[in-house]
Structures are given as C-alpha cells and as structure tokens.
Amino acid sequence: MEITNLDGIGMTSQRTRERLIRQLRKEGITNEKVLAVMRRTPRHIFVDEALASRAYENTALPIGHGQTISQPYIVAKMTSMLLADFAPKRVLEVGTGCGYQTSILAQLVDEVYTVERIAALLQQAKKRFRKLHLYNIKTQHADGNWGWENQAPFDAILVTAAPQQVPESLLRQLDYGGRLVIPVGSAHQQRLRLIVRRAEHFERVDDEFVSFVPLLSGKV
Ligand code: SAH
C-alpha cells in the first residue's frame, strides 16, 4: 500500500515546510529560487516512513547503509554557493544518497548527472525522481572519485561526501569558468570549499565548517 503522499499531512504539511523555510532564512539563506524549490519539494518522501514526521526539521537523518540525508541548511547553502551569479546548465553530483539534493538541483538547472557507489540507495533514489516527475536526472552506479568521464565537462560539480583531498578527476572534468563545491577534510570535520576553474588555474575559497560522511572508494 502507498502511504506516503507528496502533499503530506500533519507534521509533513505545507505549514511545517514553511517553518523550515523561515529557519533557513534566519540562518542566512537568501537565494529566493533555492528557497522556493525547497518549499515545494517534499523532503518526507526521501526518508523512512518512521522518520517522516522529522523530515522538516533542520537536521540530518539516517537513510540506511550508514549514510545520511544532508541537513536542509547544508543543501540550501551548497546549492546557493553553486548558483550565486552563475547559471550552470549541466551539473554533476557525487553522492546521490536518498536523492534529495539531486531533486533540488534538478529543479534549478537543465541537467543533473548523479553518481552513487551504493546500488541499493541509487535504486530507491531513482524511484523518487520518477514519483516527482523529474526527468532531467541521469544516474550512474559508480565510484564518484572518477567523476563521470564521458559526460564531462560540467558547468558545475557538487560533492556531498567528504574526501581528504579534492580528486583530480573532478577538477579535470570542470569546464572553464566552472564551479566545484566540495567538503574537504578529515572524517570528523571538514570545510566547504568553492573552487572556480580559470583556464588552467583554480581559485579556491574556503567557507564554513561542516560534517559529511566520508567519500569512499569503489562501489557496492
Ligand atoms: N546528497 C545526499 C547526501 C547523501 S550522503 C542528500 O541529498 O542528502 C553522501 C552519499 O555519498 C552517500 O550515499 C554515500 O554512499 C555516497 N558516496 C560516498 N563516497 C562515494 C563515492 N566515492 N562515489 C559516489 N558516492 C559516494
């Protein structure tokens, strides 16, 4: 039986979602397009039914396989970093997870290419993309450390798991003028980094401290 619905009721209702948007504003998110997309995207369908009532809290939640759905503030922040005074058309995401960040991006750019190393998570995410009628998402079950070679270059790349160092392949697959947003650091603490490709050199700006699951190698 299908219990989850897209509109939600009670703790997943539109009123509950509005509260989350107010909170994101308070925390400094100002990109109205990002806020509008997050307001209309049901986050409760990305988590287990038992956690649906917490889906509009500004917190990360478990999605199984030792992974998490990112905190809404972080999704808003990274998406805003990618889109500030920039209109990327083709975007690569590394770390599909439950597909929430993917779904937000897909409503803001032309095409999203997303790579996930855990097959079971990717299967579930694909079902959600269909449910939301998002048809501009291409998925691949692979190790995202290598990017997505035959679809490169990308206008932007967003990585939602943390490496200790930025993978070379991702830098190479960035188009000129393109942007990479990635958490970089140790297992427990990382810093969000924005990298812009200028011909053959890269500009780097470090932003706030964050806590992501590690970017691992290989696929399962
Ligand atoms: N984007 C998700 C966040 C998922 S958590 C969201 O919207 O909430 C990070 C995800 O990155 C996990 O699903 C994990 O399996 C995946 N991951 C980790 N290392 C990876 C790699 N090398 N290639 C692809 N995916 C990876």
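For every chain, the first residue of its written sequence is number 1, and the numbers climb from 1 along that sequence. In view of the model being predicted, local features appear only for residues whose pLDDT reaches at least 70, and side-chain atom pairs are presented and counted only at 80 or more, with totals across whole chains, interfaces and linings using the full set of residues. Calculation of side-chain values draws on the structure's entire complement of heavy atoms; hydrogens and water are dropped beforehand.

Undergrad: Looking at this model, I keep getting lost on the site of the ligand. Mind explaining?
TA: Here a residue is considered near a molecule or strand provided that any single heavy atom belonging to it is located within 4 Å of it. Residues in contact with the ligand amount to 26 residues; listed here are only the nearest, S70, Q101, E116, G144 and L216. Under the rule applied, a polar contact is a pair of N or O atoms within 3.5 Å (in protein, one hydrogen donor and one hydrogen acceptor; residues adjacent in sequence only if both atoms are side-chain atoms). In the environment of the ligand, an oxygen atom lies 2.6 Å from a nitrogen or oxygen atom belonging to the side chain of E116. G144 places a main-chain nitrogen or oxygen 2.7 Å from a nitrogen atom of the ligand. Residue exposure ignores everything except the shown protein chains as possible cover, and the areas themselves are Shrake-Rupley values with a 1.4 Å probe. Isolated, the ligand exposes 570 Å² of accessible area, and the fraction of that covered by the protein chains is 99%. Numbering of helices and strands runs from the N terminus, with a helix taken as a DSSP run of H or I at least four residues long and a strand as a DSSP run of E at least two residues long. Going through the elements one at a time, β2 (67-69), α4 (100-106) and β4 (111-116) are the ones with two or more residues in the shell around the ligand.

Undergrad: Help me understand the side chain of Q173 in this model?
TA: As for its placement among the helices and strands, Q173 is situated in the loop between α6 (168-172) and β7 (174-185). Within the structure, the side chain of Q173 is placed 2.9 Å from the backbone oxygen of W146, a separation counted as a polar contact. Contacts: residue pairs with any heavy atoms within 4.5 Å of one another. Apart from the residues lying within four places of it in its own chain, the contact partners of Q173 are L92, W146, G147, W148, E149, A152, P153, F154 and I157.

Purely geometric stuff here, so don't read any function into it on its own.
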